[in-house]
Amino acid sequence: MTDTLPTVIVLASGRGERFVASGGSGSKLQALLAGQAVLAHTLAHVQASGLPWHLEDAGHPGMGDSIAAAVRNTPDAAGWLILPGDLPLVQPSTLRQVAAALGGEAQAAQPFFRGERGHPVGFARVNRESLMALQGNLGAAPVLKALRAAGKVADIEVDDVGIVTDIDTLDALARAEALLLNPSR
């Protein structure tokens, strides 16, 4: 039986090499952000969205491999929202907006914040085979590019800086903490 809502895939398999290179130690997903691990913040927002979700943390060689495995592991999903685990400020309402944009002519949906593309990127179930065939470090970019060329992507402008606030360096972690503690900035 296919679910009626898309599943949020939280990608947590990356090595975090830029974070370590910036002076961070250990996994960026376990780095503390306002006293909680980055990944804990991400998962709390995903859970608050009310959408089904799946954590993909098996340590795949590339983002494409992680997405493919997650899609295989959620065979009954109505679609998928691809969310890297290092985006701890993405709001539950944004996740719901991207999910709602899938359907009809839209086979994919991508949020924008002040003109900048972000995550999660949503894919309708019709993309299942293409997503399961992904490999390497490009993630789902080739699938999204083809859908964009075919006019099948819904672009959604959101008021959520979290869609572009990923934790790749210690500086990015400090900026995210400032945003979290003072959201009006």
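Residues numbered from 1 in each chain as written. Predicted model: local features only at pLDDT ≥ 70, side-chain atom pairs only at ≥ 80, totals over all residues. Heavy atoms only, no water.

Novice: Looking at this structure, I do not really get helix H3 (residues 63-72). What am I missing?
Specialist: Since the α-helix turns once every 3.6 residues, residues separated by three or four places project in the same direction. Most of H3 is tucked away: eight of the ten residues are buried. All buried positions along H3 are accounted for by Gly 64, Asp 65, Ser 66, Ile 67, Ala 68, Ala 69, Ala 70 and Val 71. Where the residues of H3 are buried, they touch strand E1 (7-11), strand E4 (53-56), strand E5 (79-84) and helix H5 (128-132). (Buried < 20%, exposed > 50% of the residue type's maximum accessible area, 1.4 Å probe, protein only. Helix = DSSP H or I, 4+ residues; strand = E, 2+ residues; numbered from the N terminus. Contact = heavy atoms within 4.5 Å.)

Novice: Could you clarify how one ought to interpret unusual backbone geometry in this entry?
Specialist: In this model, His 119 is joined to Pro 120 through a cis peptide bond whose omega is 10 degrees. Relative to the helices and strands, Pro 120 resides in the loop between strand E7 (116-117) and strand E8 (121-124). Non-glycine residue Arg 114 carries a positive phi angle of around 50 degrees. Within the secondary structure, Arg 114 is located in the loop between strand E6 (108-113) and E7.

Novice: Looking at this structure, how should I read helix H6 (residues 141-149)?
Specialist: When we look at burial in H6, the residues that qualify are Val 143, Leu 144 and Leu 147. End-on view of H6: buried residues confined to an arc of 95 degrees, all on one side of the axis. Turned more than 90 degrees off the buried face of H6, the exposed positions are Lys 145 and Ala 149. Contacts made by the buried residues of H6 are with E6, E8, H5 and strand E9 (153-157). (Arc of directions from axis to C-beta.)

Novice: How should the pairing of E1 be read in this particular structure?
Specialist: Two faces make up the sheet, and in a regular strand the side chains alternate between them. Burial within E1 is extensive, with five of its five residues counted as buried. The two faces of E1 match: Thr 7, Ile 9 and Leu 11 on one face and Val 8 and Val 10 on the other face are all buried. Note that E1 and E5 share five bridges and pair parallel. Of the residues in E5, the one forming a bridge with Ile 9 is Ile 82. (Pairing = 2+ DSSP bridges.)

Novice: Could you clarify how one ought to interpret the layout of surface pockets in this entry?
Specialist: A volume near 880 Å³ is recorded for the largest pocket. Taken together, 40 residues line the largest pocket, and the ones lying closest to its centre are Arg 18, Lys 28, Met 63, Pro 84 and Asp 86. Mapped onto the lining of the largest pocket, the elements with two or more residues apiece are helix H1 (17-21), H3, E5, E7, E8 and H6. (1 Å grid on protein atoms, 1.4 Å probe; cavity = no way out; pocket = protein on both sides within 12 Å on 5 of 7 lines; lining within 4 Å. Points joined across faces, edges and corners; volume = space filled by probe spheres on them.)

Novice: For this particular structure, what's the right way to read the pattern of salt bridges?
Specialist: Where side chains of opposite charge bring their charged atoms close, a pairing between them can arise. For the coordinates displayed, the defined rule picks out five salt bridges. Among the salt bridges present, the one from Asp 86 reaches Lys 28, with a minimum N-O distance of 2.8 Å. Taken together, the positions of Asp 86 in the loop between E5 and helix H4 (92-101) and Lys 28 in the loop between H1 and strand E2 (32-33) put the pair 58 residues apart, joining distant regions of the chain. One salt bridge in this structure joins Glu 129 and Arg 128, with 3.5 Å as the shortest N-O distance. Several salt bridges share partner residues, and in doing so they unite Lys 28, Asp 86 and Asp 168 into one network. (Salt bridge = Lys/Arg side-chain N within 4 Å of Asp/Glu carboxyl O.)

Novice: I keep staring at the environment of Val 71 and nothing clicks. Help me out?
Specialist: Within the fold, Val 71 resides in helix H3. Between the C-alpha atom of Val 71 and that of Ala 133, which follows or precedes it by 62 residues, the distance is 9.9 Å. The residues touching Val 71, leaving out its near neighbours within four places in the chain, are Ile 9, Trp 80, Arg 128, Leu 131 and Met 132.

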